[in-house]
Amino acid sequence: MNETERDRRCWERVAGGDPTAFTELYDRYADLLYSLALRIVGSTSDAEEVLQDSWLQAWRSARTYDPARGAVGAWLVTITRTRAQGAATVEAAADPPAPAPDPATGYARRALRKDVAAALTALAPQQREVVELAYFEGLSQSEIAARLNAPLGTVKSWTRQALLKLRERVPVEALP
């Protein structure tokens, strides 16, 4: 059983109210999530608060996790990133306001996010998983191969195929 499958099964136990399974996932992901929060908010105390809020949200919304949308780790990273960005926004609110963004730029960014999300869902499961592991967890291809228990050449092939498909669906010209 690979890490993704192990996490999914563990999360099923969490959704059933098993605190032991929750502790197991906490032990596996707390360092990653803390470092992500710290990178976004910049202070250890704020990062600790973000981490606590993220785990609390994950526990409360355990039944909403949909394995078809991505790995447990990616879901936890998304929760933490959202919480951290919210905390960073609160901190930034104390600073003088930045100039209002150009509405056309905001629309273009929303359209780009929508295109990227659609392109990711169109990928084969293995391709999407390697992209998520590289982006959300910052793993190298060798680490991804070890995590998925797959040959390095296969992981490289999945990554290349994924990037080619993403490039077709989201042209470089569309990127900021």
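Since this is a predicted model, take the numbers as computed values, not measurements.

Focus: the overall build of the protein chain
Step number 1: Scanning the protein chain from terminus to terminus reveals 8 helices and 0 strands.
Step number 2: Mapped from its N terminus to its C terminus, the protein chain presents α and β elements in the order α-α-α-α-α-α-α-α.
Step number 3: The buried share among the 176 residues of the protein chain stands at 32%.
Step number 4: Here the contacts in the protein chain between residues at least 6 apart in sequence split such that 60% fall between residues at least 24 apart.
Step number 5: Surface summary for the protein chain: the accessible area is close to 11,000 Å², and the carbon and sulfur share equals 54%.

What about the packing of aromatic side chains?
Step number 1: Within this structure, the stated rule accounts for 6 aromatic pairs.
Step number 2: Judged by centre distance (5.4 Å) and plane angle (55°), the ring pair of tyrosine 65 and tryptophan 75 falls under tilted. With a gap of 10 residues between them, tyrosine 65 in the loop between helix H3 (44-60) and helix H4 (72-93) and tryptophan 75 in helix H4 connect regions that are remote in the sequence. Note on accessibility: tyrosine 65 and tryptophan 75 belong to one class, buried.
Step number 3: Here the aromatic cluster, defined as three or more aromatic residues joined through ring pairs, consists of Trp11, Phe22, Tyr26, Trp55, Trp59, Tyr65 and Trp75.

Points about the environment of arginine 60
Step number 1: Residue position: arginine 60 is located in helix H3.
Step number 2: Taking C-alpha positions, arginine 60 is 8.9 Å from alanine 15, a pair spaced 45 residues apart along the chain.

Some words on unusual backbone geometry
Step number 1: Unlike most non-glycine residues, asparagine 149 shows phi in positive territory, near 55°.
Step number 2: As for its position among the elements, asparagine 149 is in the loop between helix H7 (141-148) and helix H8 (152-169).
Step number 3: Its relative accessible area of 70% is what places asparagine 149 among the exposed residues.

Observations regarding H3
Step number 1: Between its first and last C-alpha atoms H3 spans 24 Å; for 17 residues at 1.5 Å apiece the expected length is 24 Å, and the two agree.
Step number 2: Restricting attention to buried positions, one finds in H3 the residues Ala47, Val50, Leu51, Ser54, Trp55 and Ala58. Buried residues of H3, seen end-on, are gathered within an arc of 130° and therefore sit on one face of the element. Within H3, the exposed residues directed more than 90 degrees away from the buried face are Gln52 and Arg60.

Remarks on the pattern of salt bridges
Step number 1: Taken as a whole and assessed by the stated rule, the structure comprises 8 salt bridges.
Step number 2: Between arginine 13 and glutamate 24 there is a salt bridge; the shortest N-O distance is 3.7 Å. Of this pair, arginine 13 sits in helix H1 (residues 3-15) while glutamate 24 sits in helix H2 (residues 19-41), and the two are 11 residues apart along the sequence.
Step number 3: What makes arginine 13 partly exposed here is its relative accessible area of 37%.

Some details on the nonpolar core
Step number 1: Core analysis: the largest hydrophobic core is formed by 19 residues, its most contacted members being Trp11, Val14, Leu25, Leu33, Trp55, Trp75 and Leu76.
Step number 2: Those elements that provide at least two residues to this core are H1, H2, H3 and H4.
Step number 3: Top contributing element to this core by residue count: H2, with 6 residues.
Step number 4: The contact partners of tryptophan 11, leaving out residues within four places of it in the chain, are Phe22, Leu25, Ala58, Ala62, Tyr65, Val72, Trp75 and Leu76.

Cut-offs applied
- Residues numbered from 1 in each chain as written.
- Predicted model: local features only at pLDDT ≥ 70, side-chain atom pairs only at ≥ 80, totals over all residues.
- Heavy atoms only, no water.
- Helix = DSSP H or I, 4+ residues; strand = E, 2+ residues; numbered from the N terminus.
- Buried < 20%, exposed > 50% of the residue type's maximum accessible area, 1.4 Å probe, protein only.
- Contact = heavy atoms within 4.5 Å.
- Areas by Shrake-Rupley, 256 points an atom, 1.4 Å probe, with all protein chains shown as cover.
- Phe/Tyr/Trp six-rings, centres within 6.5 Å; stacked < 30°, edge-to-face > 60°.
- Expected span 1.5 Å × (residues − 1).
- Arc of directions from axis to C-beta.
- Salt bridge = Lys/Arg side-chain N within 4 Å of Asp/Glu carboxyl O.
- Core = buried A, V, L, I, M, F, W, Y, C linked by side-chain atoms within 4.5 Å.

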